Amino acid sequence: MTGDCPGIVFLTPVLPAPTGNGLAMRAGVFLEGMARRHSVNVVVVPVFGAPRDGEFVSRLAETLTTLDLSDPADDSAWPSILLGTPSGRRRAHEIYPLPGICPRPSSRGRAELQSLMTGASLVHVMRTYLAPCTDLLLDRQSRPPITLDLDELDSDVQRQLGCDEQAARFERLERYYTPRFDHVYTASSTDARVVRRRYGARRVTPVVNAARAPAVTGPAEPDHDLLFVGNLSYE
């Protein structure tokens, strides 16, 4: 689908979808909005495994790429990219060690990602743990705008779960990247205020989660007393 302002690269940890889990649905909302006027290249960084059904994305996006990741046991490949410049070394000092969920692209994945992002008119990143994938761009004098969908503050979530070490690692990412990206999105106005106050991000916009209403509804007798939709890992 070619629009009047082509070239958005959309980095997402899951395959965008109209239904399913909340993360996929939120990615789907962003993709639908972008694809109305732009050509979108979706890059799935398979944090949670390889995507399966890309029919929804294929209808909306120009391309769909699954990024090749390095062996989780090899932590040397990506930091070596950072250490090549003074600004990269400073960044490595501020953000490492990364949260355990942060992916590390392989050599092939880095080359593919660099090729896609170099020609982009905008790079949109979904979730803080994908932010280090933009390190290939941050030190360039001329780069496309980079936007970040925090969705939620992972540092706060990890702290609520009692994972203080992971919370501290996420907080380092949030503190470093949010003021350096051109626009930040959150799922609530409360989180938007926190991001502005805590990290000094200037352009922060809440985009609430949404779900498409069924095209046809009919009367039905409920066969349950309680429907719970959510994540049981939360308090």
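Residues numbered from 1 in each chain as written. Predicted model: local features only at pLDDT ≥ 70, side-chain atom pairs only at ≥ 80, totals over all residues. Heavy atoms only, no water.

> Got a minute to help me understand the packing of helix 4 (residues 86-95) against helix 8 (residues 164-177) in this structure?
Two packed helices can be described by the angle between their axes and the distance between those axes. As a packed pair, helix 4 and helix 8 sit with axes 9 Å apart at the nearest point and diverge in direction by 140°. Residues Arg91, Glu94 and Ile95 of helix 4 lie in contact with helix 8, whose contacting residues are Arg172, Leu173, Tyr176 and Tyr177. Tallied by class, the residues present in the contact of helix 4 with helix 8 amount to four nonpolar, no polar and three charged. (Axes fitted to C-alpha atoms, helices over the stretch in contact; angles between N-to-C directions. Helix = DSSP H or I, 4+ residues; strand = E, 2+ residues; numbered from the N terminus. Contact = heavy atoms within 4.5 Å. Nonpolar A, V, L, I, M, F, W, Y, C, P; charged D, E, K, R; others polar.)

> What exactly am I supposed to notice about the packing of aromatic side chains here?
Two aromatic rings, taken as a pair, are described by how far apart their centres are and by the angle between their planes. In the structure shown here, the tally under the stated rule is four aromatic pairs. Where Phe48 meets Tyr129, the ring centres are 6.5 Å apart and the plane angle is 90°; that geometry is what we call edge-to-face. Within this pair, whereas Phe48 is found in the loop between strand 2 (40-44) and helix 2 (55-60), its partner Tyr129 is found in the loop between strand 4 (122-126) and helix 6 (135-138), the two being separated by 81 residues in sequence. Owing to a relative accessible area of 53%, Phe48 belongs among the exposed residues under this scheme. In this structure Tyr129 comes out as buried when scored by relative accessible area, which is 4%. Here Tyr176 and Tyr177 contribute two aromatic rings whose centre-to-centre distance is 5.0 Å and whose plane-to-plane angle is 80°, an arrangement assigned as edge-to-face. The residues Tyr176 and Tyr177 share a single accessibility class, namely buried. The ring of Tyr176 carries Arg180 above its face, with NZ or CZ at 3.8 Å from the centroid. (Phe/Tyr/Trp six-rings, centres within 6.5 Å; stacked < 30°, edge-to-face > 60°. Buried < 20%, exposed > 50% of the residue type's maximum accessible area, 1.4 Å probe, protein only. Lys NZ or Arg CZ within 6 Å of the ring centre and 35° of its normal.)

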